[in-house]
Each structure stands twice: as C-alpha cells, then as structure tokens.
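# Coordinates in review
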Amino acid sequence: MTLQRLFYTSRIIDDDEVRGSTIARRIAEASAQRNAECGITGSLAYIDGHFIQVLEGEMYPLEDTFERICNDFRHREMKLIDYQAVPARLFPHWHMACITEQDEGLEGRGSSLSEIRLLSTLNVREALTAMLTLVDEAEAQALAA
Amino acid sequence: MRVLTCLFGEHDLALVALAAILCIIGSFVSVQLFLRTISAGGGSRFHWCFLASVCAGASIWATHFIAMLGYQPGVRVTFDATLTIVSAVIAIAGVGTGLMLSGLRNRWLAALCGGGTIGLAISAMHYVGMFAYRADGIVTWLPGYVAASLACAVVFGSLAIDRLRAHDGDRHPWLPTAFLVLAIVMLHFVGMAAFTVAPIAGFGSGPQSEVFVAMASAIAMAALLIVGTGLSTYLVEMRTRTDAQDRLHHIAMHDTLTGLHNRHSFNSELRRKSHRLTKGGPPFALIMIDLDRFKPVNDTLGHPYGDRVLKAVATRLKKAVREQDMVARIGGDEFAVLADGSSDPIVVGHLAERIVEVLSRPFVIGGQAAEIGASVGITLTSDGEVDADALIQQVDVALYHAKEEGRGRHSFFDPSLTQKLLERRRLEADLRRACIREEFEVFFQPVLDTQSREFIGAEALVRWNSAERGMVSPAVFIPIAEELGLVNTIGSMVLDRACHEAVSWPDHLMVAVNVSPVQMMGGRLATDIAQVLHRTGLAPHRLEIEITETALVADDELALRSLEEVRALGVKISLDDFGTGFSSLSYLHRFPIDRIKIDGSFVNKLPTDAGSASIVRAIAQLGASLNMQVTAEGIETDDQYSFVAEQGCGHMQGFLFNKPVDARSAAKLFASGSSSRSAA
C-alpha cells in the first residue's frame, strides 16, 4: 500500500471568523480521534472563512476519510489541489493539527496564514512547507508556555 | 334422523369431539398440502403428493378410528389388526391417487376424478375399517345409508378439489377445507347409521372404556404428529419461498451497481404518487439529475472506475436528500429523486442546491481524482390532476435548460421553457436544412494598417441568410452548429470561399478565417487547409486562421500539434477575442501565434474606461515584446482610433472604417485601394 497525500481547500458556510475558528478546532479534534484509528495524519488551517487541509495516509482509509469530508455540508466550494503518492509524511506526529488566527502563540501571524491560502492555489509545495512551519511554531509556543 | 340418533345415542361424545378436532386440524393442513401438490411442477410434485397423502390419510384414518372407539353399540368389541392397518394404507394410497388425478389439465375432470377418488378412498378406508371392527352381536347393514354415505364422500371430495383448483391468492382455502371435513364427517356418521349391532344374549357386557380412551388418545397423538410434520414442512417451505420472492422482488426493483431504486421502481412510485395526488394526496417534486463530464471519466479511467464513481455518487445523493425522499438510478449516469410531500420551491431548490454542490466535489478513488458535476431539472406538482408522463416531460425540459445555461446548476420547469425548447428544435432543423441548401454567405471585414490606414486584408465572416428567418447572427447559430456537428461543414465552406475570393485581391492582402475548436480538434485541419490552398491557388502566407482561447484550454497537446501542422504549411495563426477568456501568458509562449486580436468589448469602452484602457495598453505592449502583430477590433469612434494608434496596435478593424461587405463589394473596395472612411 502506498502512502498518499491529499491537499484541498474549501469555504465555510458560516462566515463568522471567531465561530469559524471554533468550528475548525472542533472538526480537527473529532477527526484526530478517527484518524488515530486508521493511521491518518495531517493538518487543518482555517483562514478568512477558508479551510485548508492536508491529509496523509494509506490510500483506502484516506479516500474514505475524504469521501466523508465530501459529504459534509458545513463547507462549500471544495477544491482538490493535489492528490498523489508521497515517500513520507509531512505531519507524522499529528493526527490532525489545527491552526487558526485565534490560536495562542499565532496572534499576529494572520499574514502567514493568509499567505498559505494564497500559496495553496499557486505552489502546493510552498504552501505545505508554510503550514508545517506554523504547526511547529504553535507547538513550540505551547511547550514554552 | 337416524344419523343424529346414532351420533348422539350410540357415541361417547368426548371421543367424537376429539375425532372432530383431529378431522378439522388434519383437513386444514391437508388442504394446504393439496394446494401445494397441485401447483407444484416436476419431481417436487411427487414429494408434495406423498406428504399430502400421508397427512390426509392419517387424519382420515385417525378420525374414523377415534370415532369408532367412541361408538358404543352396547356389546363387546375387538379389532382385527391386519384389516385396521390395511384401511390406513388404503386411505393414504387413495388420497395420493386422487391428488395426482387432481392435477389433470381439465378442471372438471380433475375435480370429478381426483375429488371422486379421494371420496372413494375415504369410503373404502371406512368400510374396510368396519370389517376390522368385530362386535359380539348381530350386525346388519342398511344399504340406503351406505349408498348415501358414498355419495356424500364423492360429492364433497369433488367440491373440495374443484374449489381448490379455483383457489387464487394468499388466503387460506377455507371452502375446500370445509368440504374435506364434510366429506370425512358425513361419510363416517352416515356410514355408521348404516351399521347396527344387536346384542346376543349370554355374551359379555360393553367394552372397557378406559382402554379405549387411552387408545384413542394414542392414535390421536400419532395422527397429530403426522399432521404437525406436514404443517411444519409446509411452513418451512413457505418461508423459504417468501424469502426467495422478497429477494427476487428486491433485485427487480433495485439497481445492482448502486443499490438505489431502478427505473422500473421509480416509474411505479411516480405513478403511485401521481395517482394519490389526483385523489387529493400530498404534493411532491420530481428532480432529475444528469452527471456532467461523466463520459470522459469513463473513457479515460475505464468503466470499472466509472462504476466506482457512480457508487460514490449514489452514496452522496442519499446523504444529500432527506430521509423520506426516494433516490433512483434511471440510466447510465442519470439519477432521479422523488421529494416527498414538498412543492415549496424554496425547500426543493435548497435540496437541488445540495445535490449540485455535493456532486461538484471531487471524487478520489483508487489513487486517482475525478471531477464531474451535475445538472438538475425540477418540476413541482400542484394540487389536482397530474400525469406521470407529463411530469417526466417537464422535468426533462427543465434539465435540458439547466444544461443549456451552463451545467452545474438546477433549473425549475416553467411552461415558457417548453416554448424555448421548441424554438430551439426548429432552429436546429432550419440549420440542418441551411447546410444542405448552402444558405451561408461569406462577408469580409477589411483590416487596416493603423498608421498608413491602408488595407492589409480582411476577416472572413459567415452570415446565415435563412429563407425563413432572414439574417441570423453567428453568435446564435455557431454554438448550435458545434453541438450538432455541422460546424465542420460550415467551416470548410467558409474557408473555401474566403480563399477563392482572396486570390482575386491584390497580392499583398491577406484573408483571416475563423476556425472553431471542433475543427481544430478534428485532426484534419491542416489537411483541409492544404487542399483548399492547392485548389484555389492562394499563397499560404496570405491566409491567417483565427482561433479562440477555449480551443487551447480543452486539450492543449492536441491543439499544439494541430497548430504546428498548420504553421508548417506557411499559414499564420491569430488569437481572437484576446483578454476575454482564460488569457494566459503561457499560451502565448507555448503556441505558435503570429497575431493577437484585442476583443471589441475593451475597445468599445475606450478611452474613458480606465480598466479597458490599461488592458488594451498591456496587450499592445505584450504583442510588441513578443514580436506579435496586434489588431484592435470594433473601432467605432475617432477617439478609439486615436487611442489604439497611440498605444501602438499595428492593425485595426471596425465600423469607423468599413462595415463587413459581401464578396463583390470587397473585391471592388480592394481594387480601389482605400477604405470608405479615407475615401470620404
């Protein structure tokens, strides 16, 4: 079985920024539990009413998970940016990391979050790297605190 | 009368009651087994016959025997064991024979022979049993009652079989059961009335009744066991048959691939709902869903992949609709939803939006991603008379409209749509006829050099001069021609005439011909052009083909190959309507393009609209830096002319200088060598 990585963006139905962040965090928590059972890792970013999500794992559980996301009506305008076989995971320690503008430690990083959103349509590799950097920073901040 | 006195005077009523209960239960089960025997075919018929005759024979025999034990002639009684057993065998064998005869094709014959045989078997069993009954007294027989008992058995037996043959449906055949009970009971008690025993003085007293009751109970038990076995066999078989029928019914009503309801099931439900609505039932909405771009998925990723996409589509549809809505797959990539109890356009519209939304999302299957989409047509029912066929027609019209409007959307039926559709069909028919009659004309729009204002050539434009409609705009008929596959015919005709005309013009003038994406992807474009050039003798460098960006987006590999072949002939390529579509710098680099044409919609807004001005400026600069010619289209005012001239657009065309003219005028115009404007 090959390791696959899927990258997509979508917009939230409800455009309230604070509530959106809360929803994103709840989604990430719920999916982290499920993902732990089927070996999926990844990260979910919520920026300006947009979700940007990376999912990594074996093909079948990954595709099942994505199909479940496709059946979710809490978001719209889903765009699949990238789906391919990859040699290694980018987020091996995260069943679902979550980054939003409301995160402690990420205040004032709104610009980098927006950057991810812009990068997502132009350069997948850079968008992923930027996401990884933010996740690591948030973790470091959390550990320091 | 004698029958009643015999029954009440000479019988132990408790034993008679036991016999009666046994007779009724036995008959009840036997009749079911009879029915099964008659309706069974092939080898299983014999098995059923065996079971039925053992069950019926045992019931008849036990009824008789227990009733006999209840008979109290007032003398000592013994039984001949052999004859008693023989009587039981007669009952079983007789019923079996009768049952086989009951299967005769002719119903009357079957009733008479089959039922009669069963009646006779009951009688034979009874009288043989009577011979086994040894009473210590003087036995006399009354022949009249014997005859009457035989008649009863035969008549009721025949009636039972006759009613059984006529039986239809799932209810228990009560009437044949009653007739069978009557045949057994009547024979026994009328037969007993024929039998009298007079005690002989000096012989022992009556029978030991406890022994008789015990015996009767044992026989009843044994008979009930046999009947019970028959009953459970029947029930088990019924259950299996019902399960099989349910399974068959499920298969018949469902789509094997997706598990959704199938077309048949959908149609009958639609008819049922329509019928109910006509009778004042709840309104509903009919939603028809057609997948967009499914065929390419099937073609490029294979049918098994397409099947997996369809399964996922089915699952998404079921999640998108409400609990009470029925989802069906009614064709390859066609689905339908019957939205129950709803004719509110807002509710149904929301449902349709969910469907369009959920199917527009990517499908990720087996390491590959497929992007499809859906067009949705809706028709709502109102109160009163509804016709299922009319609803289907309406929803088809609505679906067609949704596709026309650009797919990936939903559209409600509205009577004006039917009108539009009819008009469209007429237009299609006219267009087909026009191709045969060659109703197309080629006009020429002169192109001028911006600085010198001299002609550099002309763009060939097709006009449809319809006998029925007058002049029809290419914007109206070209998309239809593309859809109908007529655009190649029209395109080559224009190419041919344009080249033919251009040959007669002065040598330095070029002619530009529009080529549709369909022509470009057809794979024959270069060959066709080469043939036309050869036939007309036009120098290749005097011909330009105009393409649009949409042609490049569709399949850029094929487009690139096609354009390079054309370029290799020496023909020039110009990119039309630049700035309106997916304008991308990468196209200009990738494809062999000689000229960019700035779309008239930008030129129109010059020079006041800042956005258009900067676009025109940008394109002009782009052309200069990439070493491409730039033509500004649609110049109508002096200001527009000055602006494009300042920005360095090399060439221009527009009503300010010349309107499109027919071939003859074009030839004259070019011979004179100056535009109407500059001449004025």
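Residues numbered from 1 in each chain as written. Chains lettered and ligands numbered in written order. Predicted model: local features only at pLDDT ≥ 70, side-chain atom pairs only at ≥ 80, totals over all residues. Heavy atoms only, no water.

## Description of the overall build of chain A
In terms of regular secondary structure, chain A is built from four helices and five strands. The helix and strand sequence of chain A, counted from the amino end, reads β-α-β-β-α-β-β-α-α. Along the first, second and third principal axes, the C-alpha set of chain A runs to 40 × 35 × 30 Å. When the 145 residues of chain A are sorted by exposure, 48% land in the buried category. Of all intrachain contacts in chain A linking residues separated by at least 6 positions in sequence, the fraction that spans at least 24 positions is 79%. As displayed, chain A offers around 7100 Å² of accessible surface, 52% of which is attributable to carbon and sulfur atoms. Counting 14 positive and 24 negative side-chain charges, chain A places the averaged centre of each group 4 Å from the other. (Helix = DSSP H or I, 4+ residues; strand = E, 2+ residues; numbered from the N terminus. Buried < 20%, exposed > 50% of the residue type's maximum accessible area, 1.4 Å probe, protein only. Contact = heavy atoms within 4.5 Å. Areas by Shrake-Rupley, 256 points an atom, 1.4 Å probe, with all protein chains shown as cover. Lys, Arg positive; Asp, Glu negative; His and termini not counted. Charge placed at Lys NZ, Arg CZ, Asp CG, Glu CD.)

## Quick look at the nonpolar core
All names here are of chain B. Phe440, Phe444, Leu543 and Ile545 are the most contacted members of the largest nonpolar core, which totals 80 residues. Per element, the largest residue contribution to this core is eight residues, and it comes from helix 16 (residues 487-503). Setting aside its immediate chain neighbours within four residues, Ile545 contacts Val513, Val515, Leu525, Ile529, Leu563, Val566, Val571, Lys572, Ile573 and Ser574. (Core = buried A, V, L, I, M, F, W, Y, C linked by side-chain atoms within 4.5 Å.)

## Digging into the packing of aromatic side chains
Residues and elements named next belong to chain B. Applying the stated criterion across every chain yields a total of 17 aromatic pairs over all chains. Measuring from centroid to centroid gives 5.7 Å for Tyr127 and Trp141, while their planes differ by 55°, and the two rings are tilted. Of this pair, Tyr127 sits in helix 5 (residues 107-132) while Trp141 sits in strand 3 (residues 137-141); the two residues are 14 residues apart in sequence, bridging distant segments of the chain. Trp141 gets classed as partly exposed once you look at its relative accessible area, which sits at 32%. Taken together, the ring pairs in this structure connect Tyr71, Tyr127, Tyr133, Trp141 and Phe195 into an aromatic cluster. Positioned over the ring face of Phe443 is Arg463, at 5.4 Å from the centre of the ring. Just above the ring of Phe591 sits the side chain of Arg590; from NZ or CZ to the centre is 5.6 Å. (Phe/Tyr/Trp six-rings, centres within 6.5 Å; stacked < 30°, edge-to-face > 60°. Lys NZ or Arg CZ within 6 Å of the ring centre and 35° of its normal.)

## A word on the domain arrangement of chain B
Segmenting chain B into domains produces domain 1 (2-243), domain 2 (263-413) and domain 3 (426-674). The centre of domain 1 of chain B, based on its C-alpha atoms, is set 101 Å off from the matching centre of domain 3 of chain B. (Domains from an automatic or database assignment.)

## Some details on helix 20 (residues 556-568) of chain B
Residue and element names in this part refer to chain B. Its 13 residues place the ends of helix 20 18 Å apart at the C-alpha level, agreeing with the 18 Å of an ideal helix rising 1.5 Å per residue. Restricting attention to buried positions, one finds in helix 20 the residues Ala559, Leu560, Ser562, Leu563 and Val566. All buried residues of helix 20 fall inside an arc of 165° around its axis, so they share one side. Counted as exposed and oriented over 90 degrees from the buried face of helix 20: Glu557 and Ala568. Of the residues flanking the end of helix 20, it is Gly570, one or two places downstream, whose phi is positive at about 100°. (Expected span 1.5 Å × (residues − 1). Arc of directions from axis to C-beta.)

## Side note on the sheet that holds strand 5 (residues 97-100) of chain A
Residues and elements named next belong to chain A. Pairing within the open sheet is mixed, and its five strands lie in the order 4-1-3-2-5. The outermost strands of the open sheet, each flanked by one partner alone, are strand 4 (75-85) and strand 5. On average, each strand axis in the sheet is inclined to that of its neighbour by 15°, with strand direction left out of account. Direction of pairing for strand 2 (residues 41-47) relative to strand 5: parallel, over a ladder of four bridges. If you follow Tyr46 over to strand 5, its bridge partner there is Thr100. The strands touched by helix 2 (residues 59-70) within the sheet are strand 1 (3-12), strand 3 (50-58) and strand 4, with strand 3 carrying the most contacts at an inclination of about 155°. (Pairing = 2+ DSSP bridges. Axes fitted to C-alpha atoms, helices over the stretch in contact; angles between N-to-C directions.)

## Some remarks on the sheet that holds strand 5 (residues 285-292) of chain B
All names here are of chain B. Taken in spatial order, the five strands make up an open sheet running 6-7-5-10-11, and their pairing is mixed. A single partner strand is all that each edge strand has here, and the edge strands are strand 6 (326-329) and strand 11 (410-412). Direction aside, the axes of adjacent strands within the sheet are offset by 20° on average. Strand direction decides the pairing type here: strand 6 and strand 7 (residues 334-339), joined by four bridges, are antiparallel. What sits directly across from Met326, in strand 7, is Leu338.

## Let's talk about the side chain of B:Lys273
The topology assignment puts B:Lys273 in helix 9 (residues 263-278). Ignoring anything within four residues of it in the chain, the contact list for B:Lys273 reads B:Phe284, B:Leu338 and B:Asp340.

## A few points about the interface of chain B and chain A
In this complex, chain B contributes 18 residues to the contact, which on the side of chain A involves 18 residues. Per-residue buried area on chain B facing chain A is highest for B:Arg361, B:Pro362 and B:Val364; these three make up 41% of the total on that side. The interface formed by chain B and chain A includes one salt bridge. The shortest N-O distance in the salt bridge between A:Glu67 and B:Arg316 comes to 2.6 Å. Taken together, the links from chain B to chain A amount to seven residue pairs in polar contact (both at pLDDT 80 or more). Those elements giving two or more residues to the side of chain B that touches chain A turn out to be helix 11 (303-320), helix 12 (345-360), strand 8 (363-365) and strand 9 (368-370) of chain B. By residue number, the principal contributor to the side of chain B that touches chain A is helix 11 of chain B, which donates five residues. For the side of chain B that touches chain A, the class distribution of residues is eight nonpolar, three polar and seven charged. (Buried area = accessible area lost by both parts, 1.4 Å probe. Salt bridge = Lys/Arg side-chain N within 4 Å of Asp/Glu carboxyl O. Polar contact = N/O pair within 3.5 Å; in protein donor to acceptor, adjacent residues only side chain to side chain. Nonpolar A, V, L, I, M, F, W, Y, C, P; charged D, E, K, R; others polar.)

## A closer look at unusual backbone geometry
Cis peptide bonds are those with omega within 30 degrees of zero, and the linkage from B:Leu606 to B:Pro607 qualifies with -10°. For A:Glu77, which is not glycine, the phi torsion reads 50° and is therefore positive. Residue position: A:Glu77 is located in strand 4. Judged by its relative accessible area of 37%, A:Glu77 falls in the partly exposed class.

## Section: the pairing of strand 2 of chain A
Residues and elements named next belong to chain A. For strand 2, a buried count of seven out of seven residues is recorded, marking the element as mostly surrounded by other parts of the structure. Covered by surrounding structure in strand 2 are Thr41, Ser43, Ala45 and Ile47 together with Gly42, Leu44 and Tyr46, the residues of both alternating faces. Strand direction decides the pairing type here: strand 2 and strand 3, joined by seven bridges, are antiparallel. Bridging from a neighbouring strand, Ser43 pairs with Val54 of strand 3. Between the antiparallel neighbours strand 2 and strand 3 lie two residues, among them Asp48 with a positive phi of about 50°.

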